[in-house]
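Listed below, chain by chain, are the residues.
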Amino acid sequence: MKISSVFGLAALACLPLHADDEASLLRSGDRVALIGNTLIERARLYGHVEAALQVAAGPDAGHVTIRNLGWSGDSVFGDSRSYFGPPQEGRDRLDSVVSECQPSVAMLCYGTEAAMSVDRGWTEEKSAAERSAGGLEESLALFTEGYQDLVDRIRKAAGDSLREIVLISPPPLENLGDPLPDQVENNRNLAAFRDAIRDLAEKNGTRFVDLFAALGGDESDGAVADPPLTTNGLHYGEEGYRVLARELLEGLGYDKADETTFDRPEIEALRAAIVEKNRLFFHRWRPANETYLFLFRKHEQGQNAKEIPMFDPLVEKQDQRISAARKRVYDSNIKN
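Residues numbered from 1 in each chain as written. Predicted model: local features only at pLDDT ≥ 70, side-chain atom pairs only at ≥ 80, totals over all residues. Heavy atoms only, no water.

Colleague: Report on the packing of aromatic side chains, specifying residues and quantitative values.
Modeller: Inspection of every chain in the model, using the stated rule, returns six aromatic pairs. Taken together, a centroid distance of 5.4 Å and an interplanar angle of 70° make the contact between Phe 143 and Tyr 147 edge-to-face. Of this pair, Phe 143 and Tyr 147 are both found in helix 6 (residues 136-158), four residues apart, which corresponds to roughly one turn of the helix. Classification of Phe 143 as buried rests on a relative accessible area of 3%. Measuring from centroid to centroid gives 5.1 Å for Phe 143 and Phe 193, while their planes differ by 75°, and the two rings are edge-to-face. With Phe 143 in helix 6 and Phe 193 in helix 7 (residues 184-204), this pair connects stretches of sequence that are 50 residues apart. Phe 193 sits in the buried class, given a relative accessible area of 0%. Here a set of aromatic residues connected by ring pairs shows up, and it is made of Tyr 110, Phe 143, Tyr 147 and Phe 193. Residue placement shows Arg 44 over the ring face of Phe 282; its charged tip is 3.9 Å from the ring centre. When the ring centre of Phe 281 is taken as origin, the NZ or CZ atom of Arg 67, which lies over that ring, is 5.2 Å away. (Phe/Tyr/Trp six-rings, centres within 6.5 Å; stacked < 30°, edge-to-face > 60°. Helix = DSSP H or I, 4+ residues; strand = E, 2+ residues; numbered from the N terminus. Buried < 20%, exposed > 50% of the residue type's maximum accessible area, 1.4 Å probe, protein only. Lys NZ or Arg CZ within 6 Å of the ring centre and 35° of its normal.)

Colleague: Which residues make up unusual backbone geometry, and what values do they have?
Modeller: Note the cis peptide between Asp 178 and Pro 179, where omega equals 10°. Looking at the element boundaries, Pro 179 is found in the loop between strand 4 (164-168) and helix 7. Even without a glycine there, the phi angle at Gln 102 is positive, about 50°. Structurally, the position occupied by Gln 102 is in the loop between helix 3 (87-101) and strand 3 (105-109).

Following this line, the structure appears as structure tokens:
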């Protein structure tokens, strides 16, 4: 884990961005889908990653919308996205929401869960024998097969609207001491999964961002930053997502943020607008009591299902507030 000071997103406003450059990932009018497991889902709670991407889009970029489609515990096989049915149900759920969002950019991050359990295949779709992977090599092969299928399905679901896919390696884990688990072996496995993801990106002609290396995973077996970036060695917290956001931008080809810290209320306003949008969108696509609204108990509360689409105008209005907040970041930077 990289041992370094943590700086706020305020410095991102000083980036010499080139949003109109053909090599830049983000362009005016882009729709971005963030897809992955717990690391991606929890990013919605803090807003740092999306704020970084919004600022990176540049002052001339028009409306840029970002949708967090992360699902805690998810794997490339989609098991956790299914409620009561087989893994195919989870994959169908993801395909459906990707088709609905029609992203022009899809950013995927998977691999932590597989690296932490190389003795099982992380899908109930396989037989018991297949799920009991014979170690790292077999687990890597199964993971790569599932990831390729996921990439193919994302391309199909998004259709002609999709311009870019970005494969992001998981960041390293931290050793926070007893009684929490030692992460040395998991980080060694993560390095192998990072290599597999990099090779998969090359095979598919997609961008690749190496968060594992960026946060020092190749130089240590789980050293702890000051302050720690995770709350338990695995799940990144507030400071962790600040660092992830900075490293993600550099991995996407944007200049690294200036490490001068200063208070910028405009950045915080942008982030607050993003967090609120994420709250509204989460209730839209993952409503509480979905069993009662849409599934086998809809005879009890199914009449309330009509309220779920009512979130759409609320989310769209918040998108407009995000665009306005992003503009104020650049306007303020010019004035300063």
